[in-house]
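Architecture and fold: a report
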Amino acid sequence: MTSQSQTPAASVTPVIVNPSHLHDPTPNGYSTVVIAPASGRLAFISGQSGQDQTGALSSDFGEQVKQAYANLAAVIDALGARPDQVVKLTVFVVDHDMSKLGVLTENVTRMFGAKLPAQTLVPVPKLAIDLMLFEVEAVVLLD
């Protein structure tokens, strides 16, 4: 088993593990395993969509994804946390196809850089609001 990061002493920093005998998931914007230390507390963030502060929702998939990650970043910041403390993402994509994967990967790597959380993509036929095309929920390790 190989690790992309080292475990700091007396820290609540998550540890990322991508076993060398498995396909490297990082080009697709996620890590295979993220280990949260026992000393941390977890925050579960409800799904963030592409709605802006007024509740408006673009009809463009890329714009919705960008706004959803901006919303997620705002929630993480409000918790006093950083993106590298996110241990798990679950993303929901309406009518997913491979053309959307590049948009998703671009946005997740922009937010998380090389410290990619574990992630699951769930294709769905519909979300809570008819025009909603994307939603992201997160688990964050708090200090």
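Since the model is a prediction, treat every value here as computed from it, not as a measurement. (Residues numbered from 1 in each chain as written. Predicted model: local features only at pLDDT ≥ 70, side-chain atom pairs only at ≥ 80, totals over all residues. Heavy atoms only, no water.)

1. So, the overall build of the protein chain
Along the backbone of the protein chain there are two helices and six strands. Starting at the N terminus and ending at the C terminus, the protein chain contains elements arranged as β-β-β-α-β-α-β-β. In terms of C-alpha radius of gyration, the protein chain reaches 15 Å, essentially the compact-globule figure of 15 Å for 143 residues. Taking the principal axes of the C-alpha coordinates as reference, the protein chain spans close to 45 × 35 × 20 Å. Considering the protein chain as a whole, with its 143 residues, one finds that 41% of them fall into the buried category. Long-range pairs, those at least 24 residues apart, make up 72% of the contacts in the protein chain with a sequence separation of at least 6. Carbon and sulfur atoms form 57% of the exposed surface of the protein chain, whose accessible area is close to 7,700 Å². Across the protein chain, 8 positive and 13 negative side-chain charges occur, with their mean positions spaced 5 Å apart. (Helix = DSSP H or I, 4+ residues; strand = E, 2+ residues; numbered from the N terminus. Rg over C-alpha atoms; globule rule 2.2 N^0.38 Å. Buried < 20%, exposed > 50% of the residue type's maximum accessible area, 1.4 Å probe, protein only. Contact = heavy atoms within 4.5 Å. Areas by Shrake-Rupley, 256 points an atom, 1.4 Å probe, with all protein chains shown as cover. Lys, Arg positive; Asp, Glu negative; His and termini not counted. Charge placed at Lys NZ, Arg CZ, Asp CG, Glu CD.)

2. Details of helix α1 (residues 61-78)
Given 3.6 residues to a turn, an α-helix orients residues that are three or four positions apart in the same direction. For α1, with 18 residues, the first-to-last C-alpha span of 26 Å sits near the 26 Å given by 1.5 Å per residue. Taken as a whole, α1 has its buried residues at F61, Q64, V65, A68, Y69, N71, L72 and I76. Seen end-on, α1 carries its buried residues on one side only, within an arc spanning 155°. Of the residues in α1, the exposed ones pointing more than 90 degrees away from the buried face are D77 and A78. Contacts made by the buried residues of α1 are with β3 (41-49), β4 (86-94), α2 (101-112), β5 (118-124) and β6 (134-142). Where α1 begins, one side-chain oxygen reaches toward the backbone nitrogen of G62, 3.2 Å away; that side chain belongs to D60. (Expected span 1.5 Å × (residues − 1). Arc of directions from axis to C-beta. Polar contact = N/O pair within 3.5 Å; in protein donor to acceptor, adjacent residues only side chain to side chain.)

3. Some thoughts on α2
In a regular helix each residue adds 1.5 Å, so 12 residues correspond to 16 Å; α2 covers 16 Å between its end C-alpha atoms and thus fits that length. Buried within α2 we find L104, T105, N107, V108, M111 and F112. Residues of α2 that are buried sit in contact with α1, β4, β5 and β6. Looking one or two places after α2, you find G113, whose phi comes out positive at around 60°.

4. Quick word on the environment of V108
Relative to the helices and strands, V108 is located in helix α2. V108 sits 25 residues away from L133 along the chain, and the two C-alpha atoms are 16 Å apart. Dropping the residues within four chain positions of it, V108 is found in contact with G29, Y69, L89, G113, L116 and Q119.

5. Considering the nonpolar core
Within the largest apolar cluster, 23 residues are counted, with the highest numbers of intra-cluster contacts made by Y69, L72, L89 and F134. For this core, the secondary-structure elements that each account for two or more residues are β3, α1, β4, α2 and β6. If one sorts the elements of this core by residue count, α1 sits on top with six residues. The contact partners of Y69, leaving out residues within four places of it in the chain, are L89, V91, N107, V108, M111, F112, Q119, F134 and V136. V12, I16, V87 and L141 belong to the second largest nonpolar core, which has seven residues in total. (Core = buried A, V, L, I, M, F, W, Y, C linked by side-chain atoms within 4.5 Å.)

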